[in-house]
Amino acid sequence: MTTGAAALAVLAGLLAGTVVTSPAAASPAPAVEPADEAPELIANGDFSEGTTPWWWTESSPGAVVDGRLCADVPAGTVNPWDAIIGQNALALAAGEGYTLSYTATSTVPLTIRTNVQLGAEPWTTELSATQQVGEGAERVSHTFTAAADHDAAQLVFQLGGSEKAFTFCVDEVSLRGGTAPPPYEPDTGSPVRVNQVGYLTHGPKNGTYVTEATEPLPWTLDAADGTRRASGTTTPAGIDTTSRQNVHTFDFGTFTTPGQGYTVTVAEDRSEPFAIGDDLYASLRTDALAYFYHNRSGIEIDADLVGEEYARPAGHVNVSPNQGDNDVPCQPGVCDYRLDAAGGWYDAGDHGKYVVNGGISVAQLMSAFERTLTEESADPAPLGDGELPLPEHGNAIPDILDEARWEMDFLMRMQVPAGEPLAGMAHHKLHDKAWTGLPTRPDRDPQPRELHPPSTAATLNLAATAAQCARLFAPYDAAFASRCGQAARTAWNAAKAHPDVLADPDDGTGGGAYPDTDVRDEFYWAAAELFITTGQDVYRQEVLGSPLHGVTDAVFPRGGISWGSTAGLGALDLATVPNRLSADQLKAVRGTVTRAADGYAADSGKAAYGVPYAPSDGHYVWGSNGQVANNMVVLGTAHDLTGKAAYRDAVLRGLDYLLGRNPLNTSYVTGYGERDARNQHHRFWAHQLDPSLPNPAPGSLAGGPNDAIQDPVAQSRLKGCAPAMCYIDHIESWATNEVTINWNAPLAWIAGYADDLGGGENRAAACEVAYTSQRWDGGFTTQVVLKNTATRALSPWQLTWSFADTQRVTDTWGVTVSQTGPQVVATPLSWNASLPPGGTARFGFNGKSAGQVNDPRVFRLNGRPCGVTPIR
Ligand code: 9MR
């Protein structure tokens, strides 16, 4: 799964070809011999651990044969760089001596070139040597002195230029030199750790202080002008096991004066500045959602929407050198048809598109929208048409649904066509045949694209998301909704017919494997979504009969739901979206959600950094920040269901953690906070490698601490790190610092949740609505009693809501109704235009419906929610 163990094939080769200098010219002074104890820079130089992190060009695929790395190079290559084997992420220091040595053979005598060079512009070479290689395995050495410091140089064996085909093998590769780097000491800045964005006016306000002191210490809260506003003493909390730091905590929750530029000082140490206010997360909601447009495949990213810096041509649309995603073959032997699988989102820093992972991501986007239909305090306005930077403005469909549709269209294209073997299943994934290097703009990816075999997990991801799509699009686009519904049912039936087709865990060349050996959770999720949408008993039986149903730890694992553990997505929707479970069954499902939330809230309460994430084995996994965010989604939903402040507080403490109150004093979200992550692993947002390219767009969440440190940068710098400190903001650290759709999706959900909290105060409801409908064949009659429960008269007033189905108002009494799609605005007539405090208005309407007639649950009077009572 070595996204970053990738080839810089074409660009490296081309440029190496233009800037190659002779070794003598590269280092005119006699080379400095490295000291005997000089450290080894090459990882896995004896290939005992397989091919990781070595890479090669597509024409000469590498494999370990008898303990050596061998590549079959075809006849007729022209330039040296037409066939390469290489390794990236080598750190060199100016003035230090290095020796490269290796043993190589070739079945045809040839001259190879070995370069140690920059892996991107300006492609500076520190070593460029030529060497005769033949059938005899001779040890070769080159010594050179580095002219400049390099963070991430590369070694390349350039093998091209031979008329004949040959096999090249290399072994015992070593690059020794420089001095061993001092043990890595991350720059953690101030020991006073706060949420670098800020704290809601009426929310919890906690921070952490790293110190050896064991007695309480005084803290002060200072305004931007330096005046002291509050003070107190810290609470010693002992050793935090996630960071191995001795820490104190402090609490300034009783201070509720909004402002910018506050700091907390403990002893002589001052925190990063932060705000206190009611409107801290509006831009994070929008930016976190904009991430998805930025990472769309198959469409130009428009400068008018995102700015020049982030604009780029459409990727994978059949314009050379792209192979195009509109006519994709299978891997050899997998199928003999081709699919139009254009569109969708790129998964992450790579250009793969995976149905398993696309599924959870689009589901969480759709759920962020669906929440506005079920939760009074959830504001639909920031998700509406014209609100997000995307090209579908003016189509009367909420922007967040437009974004979801971009992925849903792709997911449906991955379904095996009728008449083919495994018809109705979904291909697990589509990606490059071999890894590309960094940077590679999507439209410049030359790799062939391939469909990988269908899997049960992917098929159920399609069934679940397409079922959710069917109900959410019904009021906006009946044809699309029905296509989603059809795809969902077909996928479900195909999964039932083929319940154990698992993705190959070793299928990880050119893209991630996303293997999953247990699909009971995907069955549960898909059954739940199909049941909510259709109400059919067959799906109810599947939900209730699932071995996971009601088992809290199975539905919501302690470490969090994820692409590989999706049952919780079904449980969250069963608990919040109207459905035909009995009252007892509904209570049970809500109990599963709140029990899981109790666990996450307890974890947050115990943690010195407040994080609602405490996996039972103590390990921080790949994408731990995504797991933190997923736990926050469960907590936020539990808060919606019960109104209990403990759940809300744990969500907000989770935001504190992600935005700077953590062992590294880092905001993991680009553009938020003083010390934000900005070098995440991404093939276009690759500013660290090429200054002409942008950093990640604001609102991009880094994967975060991962104590398995699978990439070479993390391995060379972070060995022995404490779990919550195994992170480095370096573009080649793909195991700790990538960005992905499945981490940004829960970030968008929680940013919306936090934005909807306003200042976090208990707001009095603006109104109460009694809404009763009588259904008749093809239509309905509705009576509404509206009460102004606020203290001010409203004149004029306006009541808004959105139908979750195809109801259309036809004639009214007591109000005028205007309806756009499912969105309704009721305005008074002249005689009832003023609604005094405590006053009521009575009105009604008749209407038609092609399908269901569900009473709306969420109303806003003059934009303010009617009642913030827990979901009924
Ligand atoms: O997020 C995935 C993580 O859970 C896995 O442990 C890891 C290794 O299999 O892969 C991660 O997913 C990567 C995917 O395989 C390829 N695109 C980038 C993803 C994020 O790093």
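A brief report on the enclosed structure follows. Source: prediction; values computed, not measured.

Criteria and thresholds
Each chain has its residues counted from 1, following the order in which its sequence is written. Side-chain atom pairs in this predicted model are given and counted only at pLDDT of 80 or more, local residue features only at pLDDT of at least 70, and totals for whole chains, interfaces and linings cover all residues. Only heavy atoms go into the side-chain values, all of them from the structure, while hydrogens and water stay out. Per the convention used, a helix needs a DSSP run of H or I reaching at least four residues, while a strand needs a run of E reaching at least two, with both numbered from the N terminus. Our radius of gyration looks at C-alpha atoms and nothing else; its globule reference is 2.2 Å times the residue count to the power 0.38. Partly exposed describes any residue whose relative accessible area lies between the buried limit of under 20% and the exposed limit of over 50%, with all areas from a 1.4 Å probe on protein chains only and scaled to the type maximum. The criterion used for residue contact is that any of the two residues' heavy atoms lie within 4.5 Å. Residue exposure ignores everything except the shown protein chains as possible cover, and the areas themselves are Shrake-Rupley values with a 1.4 Å probe. Given a helix with a known number of residues, its expected span is that number minus one, times 1.5 Å. One bridge is not enough; two strands pair if DSSP finds at least two bridges between them. Angular values range over 0 to 180 degrees, each being the angle between N-to-C directions of two axes fitted as lines to C-alpha atoms, with helices fitted over their stretch in contact. Salt bridge, as applied in this entry: a Lys or Arg side-chain nitrogen positioned within 4 Å of an Asp or Glu carboxyl oxygen. Sulfur atoms of two cysteines make up a disulfide when they are within 2.5 Å. Residues belong to a common nonpolar core when they are buried Ala, Val, Leu, Ile, Met, Phe, Trp, Tyr or Cys residues joined through side-chain atoms within 4.5 Å. A pair of Phe, Tyr and Trp rings is counted when the ring centres sit within 6.5 Å of each other, with Trp represented by its six-membered ring. The angle between the planes then sorts it: under 30 degrees is stacked, over 60 is edge-to-face, the rest tilted. Only when the NZ of Lys or the CZ of Arg is both within 6 Å of the ring centre and within 35 degrees of the ring normal is a charge said to sit over the ring. Angle categories: roughly parallel below 35 degrees, roughly antiparallel above 145, roughly perpendicular from 65 to 115, and oblique for all the rest. Note: crossing handedness is left-handed where the near helix turns anticlockwise from the far helix by less than a right angle, and right-handed where it turns clockwise. In this count, Pro and Cys sit with the nonpolar residues alongside Ala, Val, Leu, Ile, Met, Phe, Trp and Tyr, while Asp, Glu, Lys and Arg are called charged and the others, Gly among them, polar.

## What to know about the overall build of the protein
(1) Moving on: Scanning the protein from terminus to terminus reveals 17 helices and 36 strands.
(2) Moving on: The C-alpha radius of gyration of the protein comes to 29 Å, within 12% of the 29 Å expected for a compact globule of 872 residues.
(3) Moving on: Counting only C-alpha atoms, the protein reaches 95 × 75 × 50 Å along its principal axes.
(4) Moving on: The buried share of the protein, reckoned over its 872 residues, is 61%.
(5) Moving on: Considering only intrachain contacts with a sequence separation of at least 6, the fraction spanning at least 24 residues in the protein is 73%.
(6) Moving on: Accessible surface for the protein amounts to roughly 31,300 Å². Of this, 51% is attributable to carbon and sulfur atoms.

## Quick word on helix α6 (residues 399-413)
(1) Moving on: Taking 1.5 Å per residue as the helical rise, α6 with its 15 residues ought to reach 21 Å, and the 22 Å between its terminal C-alpha atoms agrees with that figure.
(2) Moving on: For α6, the buried fraction is high: 13 of the 15 residues fall into the buried class.

## Details of the sheet that holds strand β28 (residues 767-776)
Within a sheet, adjacent strands bond to each other through the backbone by hydrogen bonds, running parallel or antiparallel.
(1) Moving on: The four strands lie next to each other as β28-β29-β34-β31, forming an open sheet whose pairing is antiparallel. The sheet terminates laterally at β28 and β31 (808-813), the two strands that pair on one side only. Between one strand axis and the next, the sheet turns by 25 degrees as a mean value, whatever way the strands run.
(2) Moving on: With ten bridges connecting them, β28 and strand β29 (residues 779-788) associate as antiparallel partners. Each residue of the ladder has a partner; that of threonine 772, found in β29, is glutamine 783.

## Points about the pattern of salt bridges
Where charged atoms from two side chains of opposite charge come close, those side chains can pair.
(1) Moving on: Per the stated rule, a full pass over the model turns up 31 salt bridges.
(2) Moving on: A salt bridge links aspartate 151 to arginine 717; its shortest N-O distance comes to 3.5 Å. Of this pair, aspartate 151 sits in strand β9 (residues 150-158) while arginine 717 is found in helix α16 (residues 712-718), placing the two residues 566 residues apart along the sequence.
(3) Moving on: Taking the relative accessible area as the measure of exposure, aspartate 151 reaches 42% and is therefore partly exposed.

## Observations regarding the state of the cysteines
(1) Moving on: Following the criterion strictly, the structure yields five disulfides and no others.
(2) Moving on: The partner cysteine of cysteine 70 in its disulfide is cysteine 169, sulfur to sulfur 2.1 Å. Judged by the torsion about the S-S bond (110 degrees), the cysteine 70/cysteine 169 disulfide is right-handed. Taken together, the positions of cysteine 70 in strand β3 (residues 68-73) and cysteine 169 in strand β10 (residues 166-177) put the pair 99 residues apart, joining distant regions of the chain. Comparing cysteine 70 with cysteine 169, the two get one shared label, buried.
(3) Moving on: There is a disulfide in this structure between cysteine 767 and cysteine 866, and the S-S distance comes to 1.6 Å. Its torsion about the S-S bond being -95 degrees, the disulfide of cysteine 767 and cysteine 866 is classed as left-handed.

## Overview of the pairing of strand β4 (residues 84-92)
(1) Moving on: Of all nine residues making up β4, eight are buried, and the element is well covered by its neighbours.
(2) Moving on: As paired strands, strand β1 (residues 55-56) and β4 are joined by two bridges and run antiparallel to one another. Bridge assignment links tryptophan 56 to a residue of β4, and that residue is isoleucine 85.
(3) Moving on: In this structure, β4 lies alongside β9, joined through six bridges in antiparallel fashion. In the strand pairing of β9, leucine 92 is matched with histidine 150.

## A short note on the nonpolar core
Side chains of nonpolar character tend, in soluble globular proteins, to be buried together.
(1) Moving on: Membership of the largest hydrophobic core comes to 155 residues, with the highest contact counts inside it found for Tyr281, Trp492, Phe556, Leu574 and Ile750.
(2) Moving on: For this core, the element with the highest residue contribution is helix α7 (residues 456-473), accounting for twelve residues.
(3) Moving on: The residues touching phenylalanine 556, leaving out its near neighbours within four places in the chain, are Ile561, Gly568, Ala571, Leu572, Thr592, Val593, Ala596, Tyr600 and Val634.

## What to know about the packing of aromatic side chains
(1) Moving on: In total, this model carries 35 aromatic pairs according to the counting rule given.
(2) Moving on: Ring plane angle 85 degrees and centroid distance 5.5 Å describe the contact between phenylalanine 255 and tyrosine 262, whose orientation is recorded as edge-to-face. In this structure, phenylalanine 255 and tyrosine 262 share a single accessibility class: buried.
(3) Moving on: Every member of this aromatic cluster is reached through a ring pair, and the members are Tyr199, Trp219, Phe250, Phe252, Phe255, Tyr262 and Phe274.
(4) Moving on: Across the ring face of tryptophan 406, the terminal group of arginine 296 is positioned such that the distance to the ring centre comes to 4.7 Å.
(5) Moving on: Cation over ring: arginine 371 sits above tryptophan 749, and NZ or CZ is 5.4 Å from the ring centre.

## Notes on the environment of aspartate 649
(1) Moving on: The residue aspartate 649 is located in helix α15 (residues 645-658) in this model.
(2) Moving on: Taking relative accessible area as the criterion, aspartate 649 reaches 18% and is therefore assigned buried.
(3) Moving on: Taking the C-alpha atoms as reference points, aspartate 649 and arginine 244, 405 residues apart in sequence, are found 25 Å from one another.

## Some points on the packing of helix α13 (residues 583-606) against helix α14 (residues 624-642)
(1) Moving on: Two numbers describe how α13 lies on α14: the axes approach to 9 Å, and their chain directions differ by 125 degrees. Relative to α14, the element α13 lies oblique. Of the two possible hands of crossing, α13 and α14 adopt the one that is left-handed. Here Arg590, Val593, Thr594, Ala596, Ala597, Tyr600 and Ala601 of α13 come into contact with α14, specifically with Asn631, Val634, Leu635, Thr637, Ala638, Leu641 and Thr642.
(2) Moving on: For the contact of α13 with α14, the residue count by class is nine nonpolar, four polar and one charged.

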